[in-house]
Amino acid sequence: MEALQRKIVNEGIILSDTVLKVDSFLNHQIDPLLMMEIGKEFAERFKNEAVTKVLTIESSGIAPGVMAAMMLHVPLVFARKRISLTMSEDLLTSQVYSFTKQETNAIAVANKFLAANDRVLIIDDFLANGQAALGLADIVKQANAEVVGFGIVIEKSFQNGGMLLREKGYRVESLAEIESLQNGQVQFLNRQVEELL
Ligand code: G4P
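Just so it is clear, the model here is predicted, and its values are computed rather than measured.

Let us look at the pairing of strand 3 (residues 53–57). Burial runs high along strand 3: five of the five residues are buried. Side chains K53, L55 and I57 of strand 3 all project onto a buried face; the interleaved residues V54 and T56 project onto the opposite face, where all are buried too. Alignment of strand 3 against strand 7 (residues 119–127), held across three bridges, turns out to be parallel. For L55, the partnering residue across the bridge sits in strand 7 and is I122.

And the structure:
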C-alpha cells in the first residue's frame, strides 16, 4: 500500500535495527484518512471471506481495526490487556509473551462477544514476533470460531511472527512489509524506497 509506505518513509523514526517509531500516524497521533484507506484495503482483501467480526488488541490495533470493521459492516472487538473492574462476565483469556518486555501477560475477551459461528478477521498494527497475534488466534479457537486471516498494518519481515503464522496455515495480509531497518534506513520487501520519494 503505497500511501502507507510513503508515510513510513517520510515520518517513521528508526530507533534501532529492529524498532520503527510511527507515533505521528499510528501509535500515538492517528491519521484518520490514512486509517480509512487502511480499513478499505483490509476490507477489499478479505471481502470474500464472509467476515462476521474483526478482532484486535488494545491500544494501537483499535484504529485500523475499527476502520476495517466499518468497511466490512461488522463489529470490532478488542482484547484487553488489563482486566477492567467492569469485566465481570465469562472471559476467554490467553497468555502472551513479549520478547520486548520479557514478560508474560494475560489478554482477555468477554465470551459473549465471540460466538461459535463467527468468522474472525484479526487486525494488528505491528507484526513482530507474532505472540500477540497467536494469543488472539487462541482466543478465537477457544470460542470455537474461525480465524479467516490476519490483517497487519506493518510487518517486520526480519522477525519471525509472519513465518510462525503462515506455517500454521493462516492467511496473513500485510500492508507494508519491512525487510530491514539496518543502517538507519527502511527497506521494504517489494518496493524500492527511491520510488516513494
Ligand atoms: P509480538 O506481539 O509481535 O511478539 O511483539 P512484541 O512483544 O515484540 O511487541 C510488543 C509491543 O511492541 C506491541 O505493542 C507491538 O505492536 C509493538 N511493536 C513491536 N515492534 C514494533 C516496532 O518496530 N515499532 C513499534 N512502534 N511498535 C512495535 P504494544 O506494547 O501492545 O503497544 P500498543 O498496542 O498498546 O501501542
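Strand pairs in the sheet, formed through backbone hydrogen bonds, run parallel or antiparallel to each other. With mixed pairing, six strands are arranged side by side in an open sheet as 4-3-7-8-9-10. Pairing within the sheet leaves two strands with one partner each, and these edge strands are strand 4 (76–79) and strand 10 (187–188). Relative to the sheet, helix 3 (residues 62–72) contacts strand 3, strand 4, strand 7 and strand 8 (146–156), its axis offset from that of strand 3 by approximately 175°. Taken strand by strand, helix 4 (residues 131–142) contacts strand 3, strand 4, strand 7 and strand 8, and its axis lies near 165° from that of strand 7.

Bringing the site of the ligand into the picture now. In the vicinity of the ligand, 20 residues are found, and the nearest of them are L20, S60, K81, T100 and K156. The contact in question runs from an oxygen atom of the ligand to an N or O atom on the backbone of Q131, over 3.2 Å. Taken by itself the ligand offers 730 Å² of open surface, and the protein chains cover 80% of this. The cavity that encloses the ligand is the largest pocket. When residues of the shell around the ligand are traced back to their parent elements, those giving at least two are strand 7 and helix 4. A class-by-class count of the residues in the shell around the ligand yields six nonpolar, nine polar and five charged.

Parameters at a glance
- Residues numbered from 1 in each chain as written.
- Predicted model: local features only at pLDDT ≥ 70, side-chain atom pairs only at ≥ 80, totals over all residues.
- Heavy atoms only, no water.
- Buried < 20%, exposed > 50% of the residue type's maximum accessible area, 1.4 Å probe, protein only.
- Helix = DSSP H or I, 4+ residues; strand = E, 2+ residues; numbered from the N terminus.
- Pairing = 2+ DSSP bridges.
- Contact = heavy atoms within 4.5 Å.
- Axes fitted to C-alpha atoms, helices over the stretch in contact; angles between N-to-C directions.
- Near = heavy atom within 4 Å.
- Polar contact = N/O pair within 3.5 Å; in protein donor to acceptor, adjacent residues only side chain to side chain.
- Areas by Shrake-Rupley, 256 points an atom, 1.4 Å probe, with all protein chains shown as cover.
- 1 Å grid on protein atoms, 1.4 Å probe; cavity = no way out; pocket = protein on both sides within 12 Å on 5 of 7 lines; lining within 4 Å.
- Sits in = over half its atoms within 2 Å of the grid points.
- Nonpolar A, V, L, I, M, F, W, Y, C, P; charged D, E, K, R; others polar.

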